[in-house]
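Architecture and fold: a report
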Amino acid sequence: MSSVLETPPATMHNVAPIAETRELTDGFHLVIDALKLNGIETIYGLPGIPITDLTRMAQAEGLRVISFRHEQNAGNAAAIAGFLTGKPGICLTVSAPGFLNGLTALANATTNCFPMILISGSSEREIVDLQQGDYEEMDQLAIAKPLCKAAFRVLHAEDIGVGIARAIRAAVSGRPGGVYLDLPAKLFAQTMDAQAGRKSLIKVVDPAPRQIPAPDTVQRALDLLKGAKRPLILLGKGAAYARADEAIRTLVEKTGIPYLPMSMAKGLLPDTHPQSAAATRSYALAEADVVLLIGARLNWLLSHGKGKTWGKPKQFVQIDISAQEMDSNVAIAAPIVGDIGSCVASLLDQVGDNFPQPPKEWLDAVNEKKNTNLQKMAATLAKNPSPMNFHSALRVLRDIVKANPDINVVNEGANTLDYARAIIDMYQPRKRFDSGTWGVMGIGMGFAIGAAVTSGKQVLAIEGDSAFGFSGMELETICRYELPVCTIIFNNNGVYRGTDVNPTGGKDVAPTVFVKDARYDKMIEAFGGIGYNVTTPDELEKAVKEAIASGKPTLINAVIDEAAGTESGRLTNLNPQSAAMKK
Ligand code: ADP
Ligand code: TZD
């Protein structure tokens, strides 16, 4: 949109005035127009100086503006929208503190390779640079730079098109990540000729171009895989992001190689697929001799590719868009650098119907272990202890997801995360969103909102009671936008568990303990949502089914045995231990 500035010409005598009209646009509208031109439909943000009018105008111009209670949650929503759509999710914040609140989400998005753009208004450059104490003064560009993939500032309205084009391309090309775009307050009010403004905008052509792997790298990988005795495929969230679902499935099935999905790659192939080795993960990792990594890094989540977890010596084939990822932890015998779609297609070109299948002994061994473990797990899940524990509650949720395979699952906590990841099978790609590469708490309500807004489908947010606290105020946002989010709090009275005691006998409770028997269900009722308090699997099942059928904002306070679970979930070994502390 643009305004019309009428400049009445000087009139002489009684000659009728000829209105010289000039159409003007401004920084506000150029930002909105540039985003729209590039297919952006939603802004996740929190209004205030200097971007309040930008949020209003964006809404007026047809963008969906989802307004949050804290910028970190807006940023997390944008990040997961980026993961889901392949377009950068947009988070809009005010300066200094608002920017810093959003920055955690931007850094987390970058760490997880999710494309997002944090756009923050900023104060007057002249005052900031002389450190003269402006309202919300901060050198935001300098602070953002080391924490994201790229950072830009636009000073002139005619450069907004370039700034947004650069931000979009930086976020989605190559390894996706977070981009910071600094827009000083003064920029928004700058005006320029509307036609020149329109011309200054850039519609980014092919923002994430294919990157075809070199044929010899593909051949090297195939040779290694063909000679393997105990091959294994590992699918990471990069594989889910790449949207090469059919090609990946075909590769897995034509090679006959057992595979393991990382948590956010679950559902890329249904977890019930006969080649899934998830139920015998430890055995598969330790025994494999050639491992094909597709969009997964050998970071802490994979024990850095070495040590006890990885047991026998092995050779790695790694598909990744980032050449620098190769050899990050261990030697990569056959790196394939390119986008996963192109790399898998190149492999498939040579994997015909007669690709040598893995030796029967290997497949039999994997299947035997898998079936034994599945039987053990079934026995554990069948129990009905009172009070309810993680397993009996998750059995219910597993069955709900099985019956509703297009449900979005958000998951954070310690035990709640580890058990839910293992117990709940996923059936469709890009339906599971969790604490990710950092193991961060606080993604819950932001991811739930981003997933609900982007997909328009039901979300189940499965939350530890501590994890939920980081973003709980967004229940109001969920109610305000009437989103189909059912939040389930695994309430065991504390961080990890609720059983710690203060060793001094003093009045303060232990640092990991919360208010006992808190009723989180009452929180959502304050905003018009529906709350449930459940203590048994049957009650939980009834509540979730009702919640899903209603499609309304709901919260289920699921009372879990406060002694269930372990300290730090499955990460107990990462807690530093001092010899001086040992008795
Ligand atoms: P996980 O946590 O599931 O193991 P990671 O986040 O560690 O997964 O790894 C994802 C990897 O996928 C990153 O190294 C990233 O560079 C890569 N990646 C992301 N998108 C693509 C793509 N389209 N093509 C190739 N590699 C990709
Ligand atoms: N702060 C942030 C931002 N991220 C973190 N990961 C932590 C703190 C430390 N932390 C974990 O790693 S898990 C967790 C914290 C505080 C919460 C565990 O308690 P919970 O889960 O109630 O959410 P369980 O399921 O009861 O174990």
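Time to look at the sheet that holds strand β12 (residues 290-294). Here five strands make up an open sheet; going across it, the order is β11-β10-β12-β13-β14 and the pairing parallel. Each edge of the open sheet carries a strand with a single partner, namely β11 (259-261) and β14 (334-337). The sheet shows a mean angle of 15° between the axes of neighbouring strands, direction not considered. Strand direction decides the pairing type here: strand β10 (residues 231-235) and β12, joined by five bridges, are parallel. By the bridge assignment for β12, Leu235 is matched with Ile294.

Side chains Ala334 and Ile336 project from β14 onto a buried face, and the interleaved Pro335 and Val337 project onto a face without burial. Where strand β13 (residues 315-320) lies against β14, four bridges are found, and the strand directions are parallel. Each residue of the ladder has a partner; that of Ile319, found in β14, is Ile336.

Neighbouring ligand 1 are 19 residues; Arg175, Lys237, Arg297, Asp320 and Ile340 lie closest to it. Gly295 has a polar backbone atom sitting 3.4 Å from an oxygen atom of ligand 1. Relative to its unbound accessible area of 580 Å², ligand 1 is 96% covered by the protein chains. With three residues, the single largest contributor to the shell around ligand 1 is helix α11 (residues 237-241). Split by residue class, the shell around ligand 1 holds eight nonpolar, six polar and five charged.

Quick look at the site of ligand 2 now. The full set close to ligand 2 counts 17 residues, and Asn415, Thr416, Gly439, Asp465 and Tyr496 are the nearest of them. Between a nitrogen atom of ligand 2 and a main-chain N or O atom of Met441, the distance comes to 3.1 Å. Separating an oxygen atom of ligand 2 from a side-chain N or O atom of Asn492 is a distance of 3.2 Å. In the complex, the protein chains occlude 76% of the 600 Å² of accessible area that ligand 2 would expose alone. Where the shell around ligand 2 is concerned, the elements lending two or more residues are α17 (415-423) and α19 (465-469). Take the shell around ligand 2: its biggest share by element is three residues, from α19.

This part covers the sheet that holds strand β17 (residues 459-464). Read across the open sheet, the six strands follow the order β16-β15-β17-β18-β20-β19; overall the sheet is parallel. Lying at the two open borders of the sheet, with one neighbouring strand each, are β16 (432-434) and β19 (530-534). On average, each strand axis in the sheet is inclined to that of its neighbour by 15°, with strand direction left out of account. With six bridges connecting them, β17 and strand β18 (residues 485-491) associate as parallel partners. Opposite Ile462, over in β18, you have Ile488 as the bridge partner. Of the strands in this sheet, β15 (408-412), β16, β17 and β18 touch α17, which is tilted by about 140° from β15. Where helix α18 (residues 444-455) meets the sheet, it contacts β15, β16, β17 and β18, and its direction lies at approximately 175° from that of β17.

Rules behind the numbers
Residues numbered from 1 in each chain as written. Chains lettered and ligands numbered in written order. Predicted model: local features only at pLDDT ≥ 70, side-chain atom pairs only at ≥ 80, totals over all residues. Heavy atoms only, no water. Pairing = 2+ DSSP bridges. Helix = DSSP H or I, 4+ residues; strand = E, 2+ residues; numbered from the N terminus. Axes fitted to C-alpha atoms, helices over the stretch in contact; angles between N-to-C directions. Buried < 20%, exposed > 50% of the residue type's maximum accessible area, 1.4 Å probe, protein only. Near = heavy atom within 4 Å. Polar contact = N/O pair within 3.5 Å; in protein donor to acceptor, adjacent residues only side chain to side chain. Areas by Shrake-Rupley, 256 points an atom, 1.4 Å probe, with all protein chains shown as cover. Nonpolar A, V, L, I, M, F, W, Y, C, P; charged D, E, K, R; others polar. Contact = heavy atoms within 4.5 Å.

Such coordinate-based values are descriptive only and should not be taken to indicate function.
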